[in-house]
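Structural overview for review
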Protein chains: 2
Amino acid sequence: MHKTSLLIVAHGSRRAESNLEIQQLAASIAEIAIKDYFSIDYAFLELAEPSISDIIDKYWHNGVQHIVLVPYFLSAGRHVQQDIPQQISAKQAQYPDLKITIINHLGAAPEMANLVLSMVKKYD
Amino acid sequence: MHKTSLLIVAHGSRRAESNLEIQQLAASIAEIAIKDYFSIDYAFLELAEPSISDIIDKYWHNGVQHIVLVPYFLSAGRHVQQDIPQQISAKQAQYPDLKITIINHLGAAPEMANLVLSMVKKYD
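Residue numbering note: each chain is counted from 1, following its sequence as written. Chains carry letters and ligands carry numbers; both start at the beginning, A for chains and 1 for ligands, and go up in the order they are written. Local features in a predicted model are, by the rule used here, given only for residues with pLDDT of at least 70; side-chain atom pairs are given and counted only at 80 or more, and totals for whole chains, interfaces and linings are based on all residues. Side-chain measures here rest on the full set of heavy atoms in the structure, leaving out hydrogens and waters.

Considerations on the overall build of chain A
Numbering of helices and strands starts at the N terminus; helices are DSSP runs of H or I of at least 4 residues and strands are runs of E of at least 2. Broken down by element type, chain A carries four helices and four strands. Mapped from its N terminus to its C terminus, chain A presents α and β elements in the order β-α-β-α-β-α-β-α. Relative to the compact-globule value of 14 Å for 124 residues, chain A shows a C-alpha radius of gyration of 15 Å, a close match. Taking the principal axes of its C-alpha atoms as reference, chain A extends roughly 50 × 30 × 25 Å. Each residue is placed in one exposure class: buried if its accessible area under a 1.4 Å probe, protein chains only, is under 20% of its type's maximum, exposed if it is over 50%, and partly exposed if it falls in between. Evaluated residue by residue, chain A yields a buried proportion of 52% over its 124 residues. Areas reported here follow the Shrake-Rupley algorithm with a probe of radius 1.4 Å; residue values treat only the protein chains shown as occluding. For chain A, the accessible area works out to roughly 6,100 Å², and carbon and sulfur atoms hold 51% of it. Within this scheme the basic residues Lys and Arg register as positive and the acidic residues Asp and Glu register as negative, but His and the chain ends are omitted. Positions of charges follow a simple convention, taking NZ of Lys, CZ of Arg, CG of Asp or CD of Glu. Counting 10 positive and 13 negative side-chain charges, chain A places the averaged centre of each group 2 Å from the other. For the radius of gyration, the atom set is restricted to C-alpha positions; the globular benchmark scales as 2.2 Å times the number of residues to the power 0.38.

Quick word on the relation of the copies chain B and chain A
Between the two copies of the chain lies a relationship made up of a rotation around an axis and a movement along it. What sets the superposition is a least-squares fit of C-alpha atoms, and only residues with pLDDT of at least 70 in both copies go into it. When chain B is fitted onto chain A, the two copies agree to an RMSD of 0.0 Å after a turn of 180° and an axial shift of 0.0 Å. Put plainly, the chains are arranged around a two-fold axis. In this analysis, two residues are considered to be in contact whenever any of their non-hydrogen atoms come within 4.5 Å of each other. The residues that chain B uses at the interface reappear at the interface of chain A in 100% of cases, marking a shared surface.

Remarks on the layout of surface pockets
Definitions used for this entry: grid spacing 1 Å over protein atoms alone; cavity, a set of points where a 1.4 Å probe fits but cannot get out; pocket, an open set with protein on both sides within 12 Å along at least 5 of 7 lines; lining residue, one with an atom within 4 Å of a point. Grid points are joined across faces, edges and corners, and a volume is the space filled by probe spheres set on the points. The calculated volume of the largest pocket comes to roughly 1,200 Å³. Lining the largest pocket are 38 residues, with His11(A), Phe73(A), His79(A), His11(B) and His79(B) positioned closest to its centre. Sorting the residues of the lining of the largest pocket by element identifies α1 (16–33) and α3 (78–94) of chain A together with α1 (16–33) and α3 (78–94) of chain B as the ones contributing at least two each. All amino acids are sorted into three groups, where Ala, Val, Leu, Ile, Met, Phe, Trp, Tyr, Cys and Pro are nonpolar, Asp, Glu, Lys and Arg are charged, and the leftover types, Gly among them, are polar. Tallied by class, residues from the lining of the largest pocket come to 16 nonpolar, 16 polar and six charged.

Some points on the interface of chain B and chain A
Contacts between the two partners involve 41 residues from chain B and, on the opposite side, 41 residues from chain A. Carbon and sulfur atoms make up 76% of the surface buried where chain B meets chain A, a total of about 3,400 Å² over both sides. Salt bridge, as used here: a side-chain nitrogen of Lys or Arg that lies within 4 Å of a carboxyl oxygen of Asp or Glu. For the pair chain B and chain A, the number of links is zero salt bridges. Contributing elements (two or more residues each) for the side of chain B that touches chain A: β1 (4–10), α1, β3 (66–71) and α4 (112–120) of chain B. No other element matches the nine residues that α4(B) contributes to the side of chain B that touches chain A. Accessible area that two parts lose when put together, with a 1.4 Å probe and added across both, is what the buried area reports.

Digging into the sheet that holds β1(B)
All names here are of chain B. We treat two strands as partners when DSSP finds at least two bridges between them. Strand order in the open sheet made by the four strands is β2-β1-β3-β4, with parallel pairing throughout. Two strands close off the open sheet at either side, each with one partner strand: β2 (39–44) and β4 (99–102). Averaged over all neighbouring strand pairs, the angle between strand axes comes to 25°, with direction disregarded. Pairing of β1 with β2 involves six bridges; the strand directions are parallel. Paired with Leu6 across the bridge in β2 is Ile40. Helix axes use the C-alpha atoms of the stretch in contact, all axes being lines fitted to C-alpha atoms, and the angles between their N-to-C directions lie in the range 0 to 180 degrees. Lying on the sheet, α3 is in contact with β1, β3 and β4; it crosses β4 at an angle near 175°.

As for the pattern of salt bridges
All names here are of chain B. Summed over all chains, the structure comprises eight salt bridges over all chains. Among the ionic pairs, Asp83 bridges to Arg78, the shortest N-O distance being 3.2 Å. Judged by relative accessible area, Arg78 falls into the partly exposed class, the value being 49%.

Observations concerning helix α4 (residues 112–120) of chain A
By the criterion of burial, α4(A) is predominantly enclosed, with seven of the nine residues buried. Among the residues of α4(A), Met112(A), Ala113(A), Leu115(A), Val116(A), Leu117(A), Met119(A) and Val120(A) are the ones counted as buried. Check the buried side of α4(A) and you find it contacts β1, α1, β3 and α4 of chain B.

Structure representation (structure tokens):
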């Protein structure tokens, strides 16, 4: 089996509580799906640790072969279109044998409409 | 039946494409749930139109009695904790008979972990 890790990349905030929301989300995802991955982690684009670079270094050290990266962003703005690909491109040059798949940003999830409705249901 | 409208409030962007993502999301939500609401709409906190104030004026004019407002934000930062409540508070003072319910921000959705996993499934 390939060693595949799932990496949630969020913007990062100066507010510790916001970063904690990401940490908790990664933990919730791990509760459901850790059996399917070598590890499930989070990293921040800026303003908070761990950085994307830190995590990818750790992955390489641990023998991870494939990273599935989820951009945890609602819109496909500069962070999604430029900043994440640039950071990944730099790490890809450093570790050419590591496969990195950047999937669609969160806001593009086909199930987003249903997620929103799941939150409002009880207020009908 | 009370006239209840569902209002998705996003940050707003200078990029038209980002604002269009919200417009499309509201349309997708309407496809599923328009039978349950008087209307399903979107508004932006800043940088784009329509504003929250514009939409609430329209609601009042149309006889809407209850607004269920979904903060379309991933973390409970300043926009969620201060800016949206402040704008709503000002409109509430203008229309004291209008009921406005601000629900949890999107990032707090209990189903978020499953939404993320629904996006990565095909990359296992």
